[in-house]
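Examining the three-dimensional arrangement
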Amino acid sequence: MNNDREVIDILRQRIPSFECTRGCHDCCGPVTASAEEIRRLPVKTDAEHETALEAYNCVYLGPHGCTVYEERPLICRLFGTTPRMACPNGCKPEQMVDENIEKLVHHFNRSTRQVLV
């Protein structure tokens, strides 16, 4: 894997998806993401970031859930796919994420510049 964009794309393909409980946003608190992941998201104002942080929410959480769901960061994709980051509503994919993929996501996050979402 040569660059962050390629790593992100490969890891995204290997994290299983599942259907969330409608209207739930229990896992949508502030998180960090790599600078490359942030570049893929719409720019938000400082005021929008501050308002979200005051409510302990993600700045991309809208009235109907995640407004950047298709581009959400790797850490958000892991929620509910591993016992270590279980969904509080018990939602999960048919097959949980491979432990090695989870480790690669955490390694990627540790080894890249992280920005508060």
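Residues numbered from 1 in each chain as written. Predicted model: local features only at pLDDT ≥ 70, side-chain atom pairs only at ≥ 80, totals over all residues. Heavy atoms only, no water.

- Looking at an unreviewed UniProt entry, one finds the protein chain named YkgJ family cysteine cluster protein, with Aliivibrio finisterrensis as its source organism.

Digging into the overall build of the protein chain
- Along the protein chain, the regular secondary structure elements total 5 helices and 4 strands.
- When the helices and strands of the protein chain are listed from N to C terminus, the series reads α-β-α-α-β-β-α-α-β.
- At 14 Å, the protein chain has a C-alpha radius of gyration in line with the 13 Å of a compact globule built from 117 residues.
- Taken along the three principal axes of its C-alpha coordinates, the protein chain extends 40 × 35 × 20 Å.
- Scored against the burial criterion, the 117 residues of the protein chain give a buried share of 38%.
- Across the protein chain, contacts joining residues at least 24 apart in sequence account for 75% of those joining residues at least 6 apart.
- For the protein chain, the exposed surface amounts to about 7,500 Å²; the carbon and sulfur share of it is 49%.
- When the 14 basic and 17 acidic side-chain charges of the protein chain are each reduced to a single mean position, those positions are 3 Å apart. (Helix = DSSP H or I, 4+ residues; strand = E, 2+ residues; numbered from the N terminus. Rg over C-alpha atoms; globule rule 2.2 N^0.38 Å. Buried < 20%, exposed > 50% of the residue type's maximum accessible area, 1.4 Å probe, protein only. Contact = heavy atoms within 4.5 Å. Areas by Shrake-Rupley, 256 points an atom, 1.4 Å probe, with all protein chains shown as cover. Lys, Arg positive; Asp, Glu negative; His and termini not counted. Charge placed at Lys NZ, Arg CZ, Asp CG, Glu CD.)

A word on the pattern of salt bridges
- What the rule picks out here adds up to 8 salt bridges.
- The residue Glu36 makes a salt bridge to Arg40 at a minimum N-O spacing of 3.8 Å. Of the two residues examined, Glu36 and Arg40, each falls in the buried class.
- Between Lys103 and Glu99 there is a salt bridge whose closest N-O contact spans 3.4 Å. With Lys103 and Glu99 both in helix α5 (residues 99-111) and 4 residues apart, this pair spans about one turn of that helix. (Salt bridge = Lys/Arg side-chain N within 4 Å of Asp/Glu carboxyl O.)

Topic: the packing of aromatic side chains
- Counted according to the given criterion, the structure contains 0 aromatic pairs.
- Sitting above the plane of the Tyr69 ring, Arg72 keeps its charged end 3.7 Å from the centroid. (Phe/Tyr/Trp six-rings, centres within 6.5 Å; stacked < 30°, edge-to-face > 60°. Lys NZ or Arg CZ within 6 Å of the ring centre and 35° of its normal.)

Topic: the nonpolar core
- With 21 residues, the main nonpolar core has Leu11, Ile15, Tyr60, Leu74, Leu78 and Val117 as its most contacted residues.
- For this core, the elements supplying multiple residues, two or more each, are α1 (4-14), α4 (74-78) and α5.
- When neighbours within four sequence positions are excluded, Leu11 is seen to be in contact with Leu74, Ile101, Leu104, Val105 and Phe108. (Core = buried A, V, L, I, M, F, W, Y, C linked by side-chain atoms within 4.5 Å.)

Examining unusual backbone geometry
- A positive phi angle is found at Tyr56, which is not glycine, with a value near 55°.
- Relative to the assigned elements, Tyr56 resides in the loop between α3 (46-54) and β2 (61-62).

Topic: the confidence of the model for the protein chain
- Mean pLDDT over the protein chain: 94, with 98% of residues reaching 70 or higher.
- Looking across the protein chain, the model is least confident in strand β3 (residues 65-66), with a mean pLDDT of 90, and most confident in α5, with 97. (pLDDT = per-residue confidence, 0-100.)

Examining the environment of Leu41
- Looking at where Leu41 falls in the secondary structure, it is placed in the loop between α2 (35-39) and α3.
- Sequence spacing of Leu41 and Val117 is 76 residues, and the spatial spacing of their C-alpha atoms is 9.6 Å.

A closer look at the packing of α1 against α5
- Orientation of α1 relative to α5, taken along the N-to-C sense of each, is 150°, at an axis distance of 10 Å. As summarised for this structure, α1 and α5 are arranged roughly antiparallel, according to the angle between their axes. As for how α1 packs across α5, the hand of that crossing is left-handed. Contacts from Asp4, Val7, Ile8, Leu11 and Arg14 of α1 reach α5 at Ile101, Leu104, Val105 and Phe108.
- Across the contact of α1 with α5, the residue classes break down as 7 nonpolar, no polar and 2 charged. (Axes fitted to C-alpha atoms, helices over the stretch in contact; angles between N-to-C directions. Parallel < 35°, antiparallel > 145°, perpendicular 65-115°, else oblique. Left-handed = near helix turned anticlockwise from the far one by under 90°. Nonpolar A, V, L, I, M, F, W, Y, C, P; charged D, E, K, R; others polar.)

Describing the side chain of Glu102
- Its place among the elements puts Glu102 in helix α5.
- You can call Glu102 buried: its relative accessible area is 5%.
- Every residue in contact with Glu102, bar those within four places of it in the chain, is listed here: Leu78, Thr82, Arg84 and Val97.

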